[in-house]
Structure formats: C-alpha cells, structure tokens
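# A structural walkthrough
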Amino acid sequence: MGQIDQFLAAFKSSLKAKNIIYRDLAKSLNLSESSVKRILADKSISLERIDEICKACDISFSEVCRNANFEEDVSNHTLTKEQEKILAENPRQLHYFILLNDGLTPAKIERDYEITNNESKKILLQLDKLNLLELHPRDRVKLKNKTGTLRFRRDGAVGKILFAQTKSNYLNHDFESELDYIRFVTNGFPLESIAKFKKKLDKMVSELQEETRMVAGGDKKGLHDMGVLLAYRPWTNSSLDAIKKK
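The rules behind the values
Residues numbered from 1 in each chain as written. Predicted model: local features only at pLDDT ≥ 70, side-chain atom pairs only at ≥ 80, totals over all residues. Heavy atoms only, no water. Helix = DSSP H or I, 4+ residues; strand = E, 2+ residues; numbered from the N terminus. Buried < 20%, exposed > 50% of the residue type's maximum accessible area, 1.4 Å probe, protein only. Areas by Shrake-Rupley, 256 points an atom, 1.4 Å probe, with all protein chains shown as cover. Pairing = 2+ DSSP bridges. Core = buried A, V, L, I, M, F, W, Y, C linked by side-chain atoms within 4.5 Å. Contact = heavy atoms within 4.5 Å. Disulfide = S-S within 2.5 Å. Phe/Tyr/Trp six-rings, centres within 6.5 Å; stacked < 30°, edge-to-face > 60°. Lys NZ or Arg CZ within 6 Å of the ring centre and 35° of its normal. Axes fitted to C-alpha atoms, helices over the stretch in contact; angles between N-to-C directions. Nonpolar A, V, L, I, M, F, W, Y, C, P; charged D, E, K, R; others polar. Arc of directions from axis to C-beta. Expected span 1.5 Å × (residues − 1).

Scanning the protein chain from N- to C-terminus turns up 11 helices and 4 strands. Scored against the burial criterion, the 246 residues of the protein chain give a buried share of 30%. Counting only carbon and sulfur atoms, one obtains 52% of the accessible surface of the protein chain, whose full area is about 17000 Å².

Before going further, it helps to spend a moment on the environment of valine 185. With respect to the secondary-structure elements, valine 185 resides in the loop between helix H10 (157–170) and helix H11 (191–216). Judged by relative accessible area, valine 185 falls into the exposed class, the value being 64%.

What follows concerns the pairing of strand S3 (residues 140–143). For strand S2 (residues 133–136) and S3, the ladder comprises 4 bridges, and the chain directions are antiparallel. Each residue of the ladder has a partner; that of leucine 135, found in S3, is valine 141. Linking S2 to S3, which pair antiparallel, is a turn of 3 residues; within it arginine 138 sits at a positive phi near 60°.

Right, let's get into the nonpolar core. Grouped together as the largest cluster of nonpolar side chains are 21 residues, with contacts concentrated most on Leu87, Tyr96, Phe97, Leu100 and Leu127. Sorting the residues of this core by element identifies helix H6 (81–88), helix H7 (91–101) and helix H9 (117–129) as the ones contributing at least two each. Per-element tally for this core: the top contributor is H7, with 5 residues. If we skip the residues at most four places from it in the chain, tyrosine 96 touches Pro106, Ile109, Ile115, Ser120, Ile123, Leu124 and Leu127. Counting residues in each nonpolar core, the second largest holds 20 residues, with Tyr22, Leu25, Ala26 and Leu40 among its members.

Scanning the model with the defined rule gives 0 disulfides in all. Looking at cysteine 54, it has no disulfide partner, and the nearest cysteine sulfur is the one in cysteine 57, 7.7 Å off. Of the residues examined, cysteine 54 reaches a relative accessible area of 5% and is grouped as buried. The class for cysteine 57 is buried, based on a relative accessible area of 7%.

Okay, the packing of aromatic side chains next. Counted under the stated rule, the structure contains 3 aromatic pairs. Taken together, a centroid distance of 5.4 Å and an interplanar angle of 75° make the contact between phenylalanine 184 and tryptophan 235 edge-to-face. With phenylalanine 184 in the loop between H10 and H11 and tryptophan 235 in the segment after H11, this residue pair connects regions lying 51 residues apart in the sequence. A residue is classified by how much of its surface remains accessible, and tryptophan 235, at 39% relative accessible area, is partly exposed. Ring plane angle 65° and centroid distance 5.9 Å describe the contact between phenylalanine 189 and phenylalanine 197, whose orientation is recorded as edge-to-face. Between the NZ or CZ atom of arginine 154 and the centre of the ring of phenylalanine 163, over which it lies, the distance is 3.6 Å. The ring of phenylalanine 197 carries lysine 196 above its face, with NZ or CZ at 5.5 Å from the centroid.

Here we come to the packing of H6 against H7. Between H6 and H7, whose axes approach to 6 Å, the crossing angle comes to 115°. In contact with Ile86, Leu87 and Ala88 of H6, H7 contributes Pro91, Gln93, Leu94 and Phe97. Grouping the constituent residues of the contact of H6 with H7 by class yields 6 nonpolar, 1 polar and no charged.

Let's shift gears to helix H3 (residues 33–41). Among the residues of H3, those classed as buried are Ser35, Val36, Ile39 and Leu40. The buried residues of H3 all sit within an arc of 125° when viewed along its axis, so they share a single face. Counted as exposed and oriented over 90 degrees from the buried face of H3: Arg38 and Ala41.

Helical geometry note: an α-helix holds 3.6 residues per turn, so side chains three or four residues apart project in the same direction. For H9, which comprises 13 residues, the first-to-last C-alpha distance of 18 Å matches the rise-based estimate of 18 Å (1.5 Å per residue) to within 8%. Listing the buried residues of H9 in full gives Ser120, Ile123, Leu124 and Leu127. Each buried residue of H9 lies within a common arc of 105° when the element is viewed along its axis, so the set occupies one face. Away from its buried face, by an angle of more than 90 degrees, H9 presents the exposed residues Asn118, Lys122, Leu125 and Lys129. Immediately beyond the C-terminal end of H9, within one or two residues, lies asparagine 131, with a positive phi of roughly 65°.

Phi at asparagine 30 is positive, roughly 60°, even though this residue is not glycine. Mapped onto the elements, asparagine 30 comes out in the loop between helix H2 (22–29) and H3. In this structure, phenylalanine 175 is a non-glycine residue whose phi angle is positive, near 50°.

Here it is, written out as structure tokens:
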C-alpha cells in the first residue's frame, strides 16, 4: 500500500472513530454523498480539502498522520494462529468479534441480535484477554486493528472453516437473481500481470469493506448481506483441452 493510500485509510479510520459516515460529512460540507465518496477516493485530494474536512469533523490532521504508519503496510490485520483457534472453537465469540470489526458497538449488537447483556460482557472480556481489543469502562471498545482490513489466515482455524463453507455452499447457486453477479474468464497471463492483479484484488477487498463502514456507520438497516468471492488459480476448462497442443 502506497503512502497516499495509507494516509486516506487513516483519514477514513479517524472519521469512523467519530462515527461520522458519508451522509453526515456531506451535510457538513454542503455536498452530495456521491461527491464525498469521490473526494475520499481521489488520490489527488488537495490539502485545502483535507483541512476543510478536518475542521468540519473536529479531527486533528497531525493525529491522522501519526495513525497512517507510513513506514509499514497497514492494509491488513491478521490474527495469530492461537487467536483464530480460540475464535473457531467459539462461534458466537467469532461472530461478535466480526460485528465489532464491521463497526457495530456492543450496545447495538445487544439491541439487534439475540444476545443478553451478561453474555455480551463475558465475550468482551474474552476478546480483551485474547488481546483483540481494549475494553474500557461502560463497555467502550478499542479494536487493536485501528486501520486496515480484518483478514483470517488461509491455513488458520477460522480460515479453514470459512473456506470449507465457501466450497460447500457459496458456489452451489444459480446466480440468477437481481442481486447476483458472476463472471468467469480464462486467459494466459505473464507472472508480472498476475502479481499486478493480485494487488488490485487485495485493494478491492479493502475498498468493499471500507465502503460498508463509511456508508452505513454500523447501521445494518437497508443493507443487503453480500458475499464477494475473488479468486484465480492455474486452470484449464476440460472442454478447452479437447485438442491437445503439439
């Protein structure tokens, strides 16, 4: 991730920390919501515009720069194998942690999901013990991954469960409804192109998750839960291998 991307990610994270979503920011700047999205996606955003947004949202520019971690890649936050193992053994604890990373507060999770306040507090204590978050008075939570995208290890305990579910039921679908979308292509690529597209796909995953956080602000109302699968592998369709190469 380049330094401009890191700065914009930290900038959006600062907005998220104040529970400011695109709609709120648009009102403060007297702009449309689509204009705000375009501005925050534009790598040529001006310092004047950044200063304007900081003032409107009461955000410190210097604090954003400190959170950007320009010397390291903060695009992804990966759990340790031990953390994943414990979460995989406790499905409700795993789901709760994912909801927190989606921007929901403990109070909203208790209000919108079938979970008691006692169980919520117990899970928060367990997640704090796992060093996945910092638990403060009145159930205020500070996640360890302040910026970036939560990602589970492909060979980790949670990753294996999610991958097994993907193989067993995600692709077992006709993809014919209005909300469905699927495209599949086969092409030959040089190694440098494969590496380039991998970076683009990683960035797209981050953008998809950031879009949800900034548009909804933790409010699931009006949202459609979607699963997005991005993948490629060395492969040839058997029907395209009927005539063998010399």
